[in-house]
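Residue-level structural notes
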Amino acid sequence: QKEVEQNSGPLSVPEGAIASLNCTYSDRGSQSFFWYRQYSGKSPELIMFIYSNGDKEDGRFTAQLNKASQYVSLLIRDSQPSDSATYLCAVGLNKFYFGSGTKLNVKP
Amino acid sequence: EAGVTQFPSHSVIEKGQTVTLRCDPISGHDNLYWYRRVMGKEIKFLLHFVKESKQDESGMPNNRFLAERTGGTYSTLKVQPAELEDSGVYFCASSHIGANEQFFGPGTRLTVL
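In what follows, the accompanying structure is described. Every value quoted in this text rests on a predicted model; they were computed, and no experiment measured them.

Reading guide: rules and limits
Residues numbered from 1 in each chain as written. Chains lettered and ligands numbered in written order. Predicted model: local features only at pLDDT ≥ 70, side-chain atom pairs only at ≥ 80, totals over all residues. Heavy atoms only, no water. Salt bridge = Lys/Arg side-chain N within 4 Å of Asp/Glu carboxyl O. Helix = DSSP H or I, 4+ residues; strand = E, 2+ residues; numbered from the N terminus. Buried < 20%, exposed > 50% of the residue type's maximum accessible area, 1.4 Å probe, protein only. Contact = heavy atoms within 4.5 Å. Buried area = accessible area lost by both parts, 1.4 Å probe. Polar contact = N/O pair within 3.5 Å; in protein donor to acceptor, adjacent residues only side chain to side chain. Nonpolar A, V, L, I, M, F, W, Y, C, P; charged D, E, K, R; others polar. Pairing = 2+ DSSP bridges. Axes fitted to C-alpha atoms, helices over the stretch in contact; angles between N-to-C directions.

Turning to the pattern of salt bridges, a few remarks are in order. Residue and element names in this part refer to chain B. Following the criterion strictly, the structure yields seven salt bridges over all chains and no others. The residue Arg36 makes a salt bridge to Asp86 at a minimum N-O spacing of 4.0 Å. Of this pair, Arg36 sits in strand 4 (residues 31-37) while Asp86 sits in the loop between strand 8 (75-79) and strand 9 (88-95), and the two are 50 residues apart along the sequence. Assigned by exposure class, Arg36 and Asp86 land together as buried. Linked through salt bridges whose partners overlap, the residues forming this network are Arg36, Arg64 and Asp86.

Shown next, in the form of structure tokens:
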């Protein structure tokens, strides 16, 4: 069983829609959760982190964490073509476990 | 503030050769991490330095890999001798002591022929 699981996609949404990206993890004791955005050939860019159950909002991004269900998600409101990238979920403290990433396509 | 930098961006070597990758963390970041992504797989942890000390090297695949961080600034990752399965993208990340958010470099793409 993989430590962190993500649907590889691609997830296609029209411009202006809400994109919903999901991630599940296996270690019930995990405390720290991260979302990275990676454009092709570029470095993973940290866009959100969440440590407590519930929602955390930053601009158009909302991270949601449900530790009981071992589930973390990322919502992108008003999706733009520039949001098209691979989104990586990472879990851990110092030693990060990554999912394989979900490719998001935002169509104009 | 400059980000994490890595050198080279690409390296193509023959099986059996030696390659050394370099990472310069963000200035002031005492935590330095190495990760690797091989074709079709997720990014996987290799090791973690705190300043010049190896805190966790549980992800190092075998003794052909040697990581150093003399002086607690930049780090090198040497692969000797390289094997075909070592091909992939090697990422470096850094963070402040006490902070868990890691900032990644652009990676070094290693191809072993």
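Moving on to the interface of chain B and chain A. Contacts between the two partners involve 18 residues from chain B, matched on the other side by 20 residues from chain A. Across the chain B to chain A interface the summed buried area is about 1600 Å²; carbon plus sulfur atoms make up 55%. For the pair chain B and chain A, the number of links is zero salt bridges. Applying the counting rule to chain B against chain A returns eleven residue pairs in polar contact (both at pLDDT 80 or more). Every element with two or more residues in the side of chain B that touches chain A is listed here: strand 4, strand 5 (44-50) and strand 10 (103-104) of chain B. Counting residues per element, the side of chain B that touches chain A draws most heavily on strand 4 of chain B, which supplies four residues. For the side of chain B that touches chain A, the residue count by class is eight nonpolar, six polar and four charged.

Residue and element names in this part refer to chain B. Of note, Phe91 is situated in strand 9. Here Phe91 falls in the buried class, since its relative accessible area comes to 3%. Linking Phe91 and Leu113, residues 22 residues apart in sequence, is a C-alpha distance of 20 Å.

What follows covers the sheet that holds strand 8 of chain B. All names here are of chain B. Pairing in this open sheet of four strands is antiparallel, and the strands run 1-3-8-7 from one edge to the other. In the strand order of this sheet, the two ends are held by strand 1 (5-7) and strand 7 (65-68), each with one partner. Taking the axes of each pair of neighbouring strands and ignoring which way they run, one obtains an average angle of 15° across the sheet. In the sheet, strand 7 pairs with strand 8 via four bridges, with the strands oriented antiparallel. Its bridge partner lying in strand 8, Leu66 is registered against Lys78.

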